[in-house]
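A closer look at the structure
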Amino acid sequence: MTPSKPRPAISQADYQRLSQFRYLIRRFLEFSQIQANEAGLTPRQHQALLAIKGFPGGGPVAVGDLAERLRIRHHSAVELVNRLAEAGLVIRDQDKSDHRRVLLQLTPLADDHLADLSAAHLDELSRIEPMLQRLLPRRGES
């Protein structure tokens, strides 16, 4: 039997901070789901639009990139993109340099939905930011 890796002591305060952090995440996700539904989108559609718009580097986003950003399987991302395209939210283009890749672009309708949702989410984040800051240790603290 391999000896277990030594772990640092975990205090009651650590457990409470982790519990509070998870609670705030759940509250934010619940807020996000409600906002998406009120905008006529599923939470997954909202996440996809945000992943496309906010892709690092701002470059073209392939279906495989979207799958990775959403942590879903490629075939699930293809189905999601199909639904987004049917709803008029994304345009698919074949990559000129690699015809196997499909690149995604938001439509003006998607941009409008996403701008409204993002404004609400940024407002909610600014509301919970002080609570998050109290949970996160400063450099040099533990």
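The structure we're discussing is the one just above.
Conventions and cut-offs
Residues numbered from 1 in each chain as written. Predicted model: local features only at pLDDT ≥ 70, side-chain atom pairs only at ≥ 80, totals over all residues. Heavy atoms only, no water. Pairing = 2+ DSSP bridges. Helix = DSSP H or I, 4+ residues; strand = E, 2+ residues; numbered from the N terminus. Contact = heavy atoms within 4.5 Å. Axes fitted to C-alpha atoms, helices over the stretch in contact; angles between N-to-C directions. Core = buried A, V, L, I, M, F, W, Y, C linked by side-chain atoms within 4.5 Å. Buried < 20%, exposed > 50% of the residue type's maximum accessible area, 1.4 Å probe, protein only. Polar contact = N/O pair within 3.5 Å; in protein donor to acceptor, adjacent residues only side chain to side chain. Parallel < 35°, antiparallel > 145°, perpendicular 65-115°, else oblique.

Notes on the pairing of strand S3 (residues 102-106)
- Taken together, the two bridges between strand S1 (residues 61-62) and S3 define a ladder with antiparallel strand orientation. Looking at the pairing, Val 61 lines up with Leu 104 of S3.

Concerning the sheet that holds S1
- Strands sit in the order S1-S3-S2 across an open sheet of three strands; the sheet is antiparallel. In this open sheet, the two edge strands, each paired with only one partner strand, are S1 and strand S2 (90-94).
- In the packing of helix H4 (residues 74-86) onto the sheet, contacts are made with S2 and S3, and the angle to S2 comes to roughly 120 degrees.

Describing unusual backbone geometry
- Notably, Arg 71 is not glycine yet its phi reads approximately 60 degrees, a positive angle.
- Along the chain, the position of Arg 71 falls in the loop between helix H3 (63-70) and H4.

Quick word on the nonpolar core
- Grouped together as the largest cluster of nonpolar side chains are 23 residues, with contacts concentrated most on Leu 49, Ile 52, Leu 66, Leu 70, Leu 84, Val 90 and Leu 106.
- Secondary-structure elements contributing two or more residues to this core are helix H2 (43-53), H3, H4, S3 and helix H5 (108-135).
- Residues within four places of Leu 84 in sequence aside, it is in contact with Gln 45, Ala 48, Leu 49, Leu 89 and Val 90.

What about the environment of Asn 37?
- Here Asn 37 is to be found in helix H1 (residues 12-38).
- Here the alpha-carbon distance between Asn 37 and Asp 123, two residues 86 residues apart in the chain, equals 18 Å.
- Those residues in contact with Asn 37 that sit more than four places away from it in its chain are Thr 42 and Pro 43.

Overview of the side chain of Ser 32
- Mapped onto the elements of the fold, Ser 32 is located in helix H1.
- The exposure class assigned to Ser 32 is buried, which follows from its relative accessible area of 13%.
- A polar contact is formed between the side chain of Ser 32 and the side chain of His 121, at a distance of 2.8 Å.
- In this view, Ser 32 contacts His 46 and His 121; residues no more than four positions away in its chain are not counted.

A word on the packing of H3 against H4
- Two numbers describe how H3 lies on H4: the axes approach to 9 Å, and their chain directions differ by 105 degrees. The orientation of H3 with respect to H4, classified from their angle, is roughly perpendicular. Residues Val 63, Gly 64, Leu 66, Ala 67 and Leu 70 of H3 pack against His 74, Ala 77, Val 78, Leu 80 and Val 81 of H4.

Nothing here speaks to function; it is geometry throughout.
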